[in-house]
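A look at the structure
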Amino acid sequence: MFCSVALLTCCNTVGTIEQVAVVDVDNPKAPIAETMYGLFFEDINFGADGGLYAELVKNRSFEFDTPLMGWEIEGYNRNSFNLFVLNREKTNPNNPRYIRAIVGEDGCKPLVNNGFRGMGIKEGNGYRFSVLAAVPEGDVTLKVELIDEQGNVLGASSVKPSGSEWQKYQTEFKSSATNTNASLRVSFEGEGIVELDMISLFPTDTWKGRENGLRADIVQLLADMQPGFLRFPGGCIVEGRTLAQRYQWKTTVGPIEDRKLIINRWNTEFAHKFTPDYFQSFGLGFYEYFLLSEDIGAEPLPILNCGMACQYNTGELVPLEEIGPYVQDALDLIEFANGSTDTEWGALRASMGHPEPFNLKYLGIGNEQWGPQFFERYAFFEKAIMEKHPEIIIVSTAGPSVDTDLFYYAQEQLPKYNAPIVDEHFYRSPEWFFENAARYDSYDRDGYIVFAGEYAAQSVGQGNPNNKNNWLTALSEAAFMTGLERNADIVQLSSYAPMLANADAWQWTPDLIWFNNMETYGTPNYYVQKLYATNRGTEVLDMSLAGAPLTGQHGIFATAAYDEPSGEIIIKIVNRNAEDMEFSMELKSEHDVADTARKIVLASDDLEAMNSFEHPTNIAPVESEINTDGKNVTLTLDGQSMTILRIKRN
Ligand code: AHR
């Protein structure tokens, strides 16, 4: 019933779709939500400590299970008499451990920290060392040095703590060289006893130059995407392996030395990527998260624990009669974000530097929870939030994966509740993504708003360490996303997951953005997300070929939008074929349209192709201008490409 595809056999094989696609420009079908394309952050793959959070010192508070993990102390053993780990649990339960060094004639060997797989140091860049210190006895100076693998000094300074009261000391210095595997060395001069905690080193060029800040290069990639929302803190990390190890937002705000460190649940999750040094310092906590969302213009979308530990792990449940504090945490988070400064939590926000509210609108309850145990707990949250904060839009969950028994069970239950938005997850093969471009075309229009909250095409299979961020996965996501946008009336939020991976310390692949301690790059999947987000449009338009939406006929997937602010028609087309394809459209409109169009293409003839530190833009958008014949547009779609056309409607 469809037209034939004529393949010309020449040096460049070009297929032709003889029928003309029609875009109904003047009759928008539905608004496209500003939240349509967002970001999912989880502290997985050293995404926070050792990643986005710019702290260079690993285990700065000595609170890892092994207190000196990350630290090398020449000549130190448990029988050392001049350097100890002390534990003041009774007086400081959140940060009990600290170091006592007895500096005498025999000296005290320096403390050396190699950061998260080496510190990435840049020539000419500033570094801020800080420490909490007390000197109960004597006169001690701390010599602070950045050193390379041979012990050469790249930058140095000193601080001289005094007095037996704990105080913060800090100093700034520059590095004279670039080094990818530098260490911080703290050595002792003088004679006496010195106590140290929170030994910290930050680059001064953090995002917006903030102390306790974030890596500017990573944030820039996020900001460039113009994300509609930022989901945080996950992911399974919300749930924890046990309830005790769940993510509790209240322990992540206030002074950083009071934020209680816990193990990161990805520490021992995968035998193929065992990372015993993976903990959560919460230096990047909920305040920093709200600030980041504000900085990059994204709606914050926190996901909170619903009284259940990860069902893939212990699946511990809080008894219903003890769920009160969990629900209270949700109400208090709303107060922390939005409450006036004379409320308890609003006052804390103000004391941290943000008296204005963060305008939190969305709140997710539970991550990938399933079964009756979820719904009976969820009900408590829904009731309390709707009573106290009817302005908050609640996000519920449809379980770990769509189209499974757990998902169908959730589908039966969800109508009994009032969550307007439901979080669906799919980590599937590229083929699944191509085949599901029409997934939402037949969804119930009277049901919930879809939040495609975690998805990524898996080149091998979910959880497999050999998954790659190759062009095939990105192309399949681009094809699938035409279906998200076409159904913008019911799909209003979506995010690729996970977002970040430290190339030297990851557990999960694929990931949107990869970094090491010096550099970062966006994967082809990142560029797909970025192209969608930065070419979103405000209203979805009907686009059809022979009366049907383009969901893979002739290997073509497409969607169209109108963008009110720019007055442009935005067409997104994915050509899955290896061949270039001649493709024609008629822009049906009573208005004139420009006879040139901006064309943005993301393509590769190699489905295995990837980006890398060496070739960060191997696959990246290429822009050009094409001529159109007014409302009749004919163009050649590159083989295996995603193409965006922006055409002005006069
Ligand atoms: O994105 C990685 C993990 O995949 C998330 O933590 C979890 O929600 C999902 O199973």
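Worth saying up front: this structure is predicted, and the values here are computed from it rather than measured.

With respect to the helices, strands and loops of the structure, Arg-265 is situated in the loop between strand E16 (262–263) and strand E17 (279–280). Separated by 48 residues in the primary sequence, Arg-265 and Asn-313 have C-alpha atoms spaced 9.9 Å apart. Aside from chain neighbours lying at most four places away, what touches Arg-265 is Cys-236, Ile-237, Gly-240, Arg-241, Cys-310 and Asn-313. A polar contact of 2.7 Å, which involves the side chain of Arg-265, links it to the side chain of Glu-269.

Turning our eyes to something else, we now look at the packing of aromatic side chains. A ring pair, where both rings are aromatic, is described by two values, the distance of the centres and the angle of the planes. Under the counting rule described, the total for this entry stands at 49 aromatic pairs. An angle of 40° between the planes, with centres 6.1 Å apart, marks the rings of Phe-433 and Tyr-455 as tilted. Placement of the pair is Phe-433 in helix H7 (residues 430–435) and Tyr-455 in strand E22 (residues 449–457), with a sequence separation of 22 residues. Taken individually, Phe-433 and Tyr-455 each receive the classification buried, so the pair is uniform in this respect. One aromatic cluster in this structure is built from Phe-41, Phe-232, Tyr-247, Trp-249, Phe-282, Phe-286, Tyr-287, Tyr-289, Phe-290, Phe-336, Trp-345 and Phe-358.

Attention now goes to the domain arrangement of the protein. Here the domain parsing of the protein yields domain 1 (2–32 + 540–649), domain 2 (39–52 + 208–465 + 484–502) and domain 3 (71–203). Here domain 2 and domain 3 have C-alpha centroids that lie 36 Å from each other. Taken together, the contact between domain 2 and domain 3 spans 14 residues of the former and 11 residues of the latter. Buried area between domain 2 and domain 3, both sides added, is near 1000 Å², and the carbon and sulfur share of it is 49%. The largest per-residue losses of area from domain 2 upon contact with domain 3 belong to Glu-211, Glu-257 and Lys-260, which jointly make up 42% of the total buried on that side. Here domain 2 is connected to domain 3 by 2 salt bridges. Here Asp-277 makes a salt bridge to Arg-117, at a shortest N to O gap of 2.5 Å. Here domain 2 is connected to domain 3 by 4 residue pairs in polar contact (both at pLDDT 80 or more). Class assignment of the residues belonging to the side of domain 2 that touches domain 3 gives a composition of 3 nonpolar, 4 polar and 7 charged.

What follows is about helix H9 (residues 524–534). With respect to burial, H9 is a largely interior element, 9 of its 11 residues being buried. All of the buried residues in H9 are Pro-524, Asn-525, Tyr-526, Tyr-527, Val-528, Gln-529, Leu-531, Tyr-532 and Ala-533.

This part covers the pairing of strand E21 (residues 421–428). Taken across its 8 residues, E21 has 8 buried, putting it largely inside the fold. Pairing of strand E20 (residues 393–397) with E21 involves 3 bridges; the strand directions are parallel. Bridging across to E21, Ser-396 finds its partner in Val-422. Bridge count for E21 against E22 is 8 bridges, and the pairing is parallel. Counted as the bridge partner of Phe-426 is Tyr-455 from E22.

Following the criterion strictly, the structure yields 3 cavities of 30 Å³ or more and no others. As a volume, the largest cavity reaches approximately 170 Å³. Residue lining of the largest cavity: 21 residues in total, with Asp-49, Arg-60, Ser-61, Leu-261 and Ser-281 positioned closest to the centre. Taken together, the residues that form the lining of the largest cavity break down as 8 nonpolar, 6 polar and 7 charged.

Strand order across the open sheet formed by 8 strands is E5-E15-E18-E19-E20-E21-E22-E23, with parallel pairing between neighbours. Either end of the sheet is taken by a strand with one partner, and the two such strands are strand E5 (39–40) and strand E23 (491–496). Sitting on the sheet, helix H8 (residues 471–486) is in contact with E21, E22 and E23, with an inclination near 170° to E22.

Attention now moves to the site of the ligand. The environment of the ligand is formed by Glu-42, Gly-235, Cys-236, Trp-266, Asn-367, Glu-368, Tyr-427, Glu-454, Pro-498 and Trp-508. At a separation of 2.5 Å, an oxygen atom of the ligand approaches a polar side-chain atom of Glu-42. A distance of 2.9 Å separates an oxygen atom of the ligand from a polar atom in the side chain of Asn-367. Computed on the free molecule, the ligand has an accessible area of 280 Å², of which 98% lies beneath the protein chains in the complex. Taken together, the residues of the shell around the ligand break down into 5 nonpolar, 2 polar and 3 charged.

Turning to unusual backbone geometry, a few remarks are in order. Residue Pro-233 follows Phe-232 across a cis peptide bond; omega there is 5°. Mapped onto the secondary structure, Pro-233 falls in the loop between strand E15 (229–232) and E16. With an omega of -15°, the peptide bond running from Ala-497 to Pro-498 counts as cis. Inspection of the secondary structure assignment puts Pro-498 in the loop between E23 and strand E24 (500–502). Here Gln-226, not a glycine, exhibits a phi torsion of approximately 50°, which is positive. Along the chain, Gln-226 falls in the loop between helix H1 (216–224) and E15. With a relative accessible area of 52%, Gln-226 lands in the exposed category. Phi is positive for Gln-640, which is not a glycine, with a value near 50°.

Scoring rules and cut-offs
The numbering scheme is per chain: residues are counted from 1 as the chain's sequence reads. For this predicted model, a pLDDT threshold of at least 70 governs which residues receive local features, and a threshold of 80 or more governs which side-chain atom pairs are given and counted, while totals over whole chains, interfaces and linings are taken from all residues. The basis for every side-chain value is the complete set of heavy atoms in the structure, and neither hydrogens nor water enter the calculation. Think of it this way: any DSSP run of H or I at least four residues long counts as a helix, any run of E at least two long counts as a strand, and we number them from the N terminus. Only heavy atoms matter for contacts: two residues are in contact if any of them lie within 4.5 Å across the pair. Here a polar contact is taken to be a pair of N or O atoms separated by no more than 3.5 Å, where protein atoms must pair a possible hydrogen donor with a possible acceptor and residues adjacent in sequence count only if both atoms sit in side chains. Centres within 6.5 Å make a pair out of two Phe, Tyr or Trp rings, where for Trp the six-membered ring is used; the pair is then stacked when the planes are under 30 degrees apart, edge-to-face when over 60, and tilted otherwise. Throughout, exposure labels follow a simple rule: accessible area from a 1.4 Å probe, protein chains only, divided by the maximum for the residue type, with under 20% read as buried, over 50% as exposed, and the rest as partly exposed. The split into domains, and so the bounds of each, comes from an automatic or database assignment of domains. Take the accessible area each of two parts loses on contact, using a 1.4 Å probe, and add the two losses: that sum is the buried area. Salt-bridge detection follows one rule: a side-chain nitrogen of Lys or Arg within 4 Å of a carboxyl oxygen of Asp or Glu. Each residue receives one of three labels: charged for Asp, Glu, Lys and Arg, nonpolar for Ala, Val, Leu, Ile, Met, Phe, Trp, Tyr, Cys and Pro, and polar for the others, Gly being one of them. Strand pairing is assigned whenever DSSP identifies at least 2 bridges connecting the two strands. Here a cavity means grid points, on a 1 Å grid over the protein atoms only, where a 1.4 Å probe fits yet cannot get out; a pocket means an open set of points with protein on both sides within 12 Å along at least five of seven lines; lining residues are those with an atom within 4 Å of a point. Grid points are joined across faces, edges and corners, and a volume is the space filled by probe spheres set on the points. Helix axes use the C-alpha atoms of the stretch in contact, all axes being lines fitted to C-alpha atoms, and the angles between their N-to-C directions lie in the range 0 to 180 degrees. Throughout, the term near means that a residue has one or more heavy atoms lying within 4 Å of the molecule or strand in question. Computed by Shrake-Rupley with a 1.4 Å probe, the accessible areas treat only the displayed protein chains as cover when residues are assessed.

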